[in-house]
Amino acid sequence: CGQALIVRKFQDAHNHDISRELFKQLPSQRKLPAETEDEAKKLLSLKANKKMIQDKLSEMTGNVVLLKDLSNLSARMKAGNTRNDLEAAVKQLTDKHGQCS
């Protein structure tokens, strides 16, 4: 009783434009390979021009690279890898509040 659905109408057409160029703009398609991301981090740490980095990475990978992607990478570098670091959190709390008994 009430455990089934009936498909009354199926529309196979997209309700938006589709193209390879739009597909390349998707975040999953813009993701850089690890070695290319390392190169980008190195260049960003040297304070290289982001527009020039963008052009170089796009040429190297064939992917779309947005300036926002480089800004986000730079922000992640500045923040460090302290996210989800349980040992660092325990050490910080122990240093501040002492060992619990």
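Note: the structure precedes this text.
The residue numbers shown here count from 1 along each chain, following its written sequence. Only residues with pLDDT of at least 70 are given local features in this predicted model, and only at 80 or more are side-chain atom pairs given and counted; all residues enter the totals for whole chains, interfaces and linings. Excluding hydrogens and water, the side-chain figures rest on all heavy atoms present in the structure.

*Asks:* Give me the lowdown on the overall build of the protein, citing residues and values where you can.
*Replies:* Regarding its fold elements, the protein presents six helices and zero strands. Starting at the N terminus and walking to the C terminus, you meet the elements of the protein as α-α-α-α-α-α. Here the globule rule is a power law, 2.2 Å times the number of residues to the power 0.38, and the radius of gyration is based on C-alpha atoms. By the compact-globule yardstick of 13 Å for 101 residues, the protein is too spread out, its C-alpha radius of gyration being 23 Å. Taking the principal axes of the C-alpha coordinates as reference, the protein spans close to 65 × 55 × 20 Å. Throughout, exposure labels follow a simple rule: accessible area from a 1.4 Å probe, protein chains only, divided by the maximum for the residue type, with under 20% read as buried, over 50% as exposed, and the rest as partly exposed. By residue count, 16% of the 101 residues in the protein fall in the buried class. For the protein, the share of sequence-separated contacts (at least 6 apart) that also reach a separation of at least 24 residues comes to 54%. Looking at the protein as shown, the accessible area adds up to about 9,100 Å², and 53% of this sits on carbon and sulfur atoms. The charge count includes Lys and Arg as positive and Asp and Glu as negative, but it does not include His or the ends of the chains. We put the charge of a Lys on NZ, of an Arg on CZ, of an Asp on CG and of a Glu on CD. Treating the 18 positive side-chain charges of the protein as one cloud and the 13 negative ones as another, the clouds have centres 5 Å apart. Counting from the N terminus, the helices are DSSP H or I runs at least four residues long and the strands are E runs at least two residues long. In what follows, residue pairs with any heavy atoms lying within 4.5 Å of each other are defined as contacts. In these tables, accessible area is a Shrake-Rupley quantity obtained with a 1.4 Å probe, and a residue counts as shielded only by the protein chains included in the view.

*Asks:* Outline the nonpolar core, supporting the account with residue identities and numerical values.
*Replies:* Residue types Ala, Val, Leu, Ile, Met, Phe, Trp, Tyr and Cys, when buried and joined through side-chain atoms within 4.5 Å, form a set referred to as a nonpolar core. Ranked by size, the top nonpolar core spans nine residues in total: L32, A40, L43, L44, I53, L57, V65, L70 and L73. Of all the elements in the fold, those that place two or more residues in this core are α3 (34–45), α4 (50–61) and α5 (67–79). Ranked by the residues each element gives to this core, the list is headed by α3, at three residues. For L44, the contacting residues outside a window of four places in its chain are K50, I53, L70, L73, S74 and M77.

*Asks:* Pulling in residues and values, what's your account of the packing of α3 against α5?
*Replies:* Closest axis-to-axis distance for the α3/α5 pair is 10 Å, and the angle between their directions is 75°. The angle between α3 and α5 places the two elements in the roughly perpendicular class. Contacts between α3 and α5 involve E37, A40, K41, L44 and S45 from the first element and L70, L73, S74, R76 and M77 from the second. Counted by class, the contact of α3 with α5 contains five nonpolar, two polar and three charged residues. Angles run from 0 to 180 degrees between N-to-C directions of axes, and those axes are lines fitted to C-alpha atoms, restricted for helices to the stretch in contact. Put simply, angles under 35 degrees are roughly parallel, angles over 145 are roughly antiparallel, angles from 65 to 115 are roughly perpendicular, and the rest are oblique. All residues other than Ala, Val, Leu, Ile, Met, Phe, Trp, Tyr, Cys, Pro, Asp, Glu, Lys and Arg, Gly among them, are scored as polar; the first ten of these are nonpolar and the last four charged.

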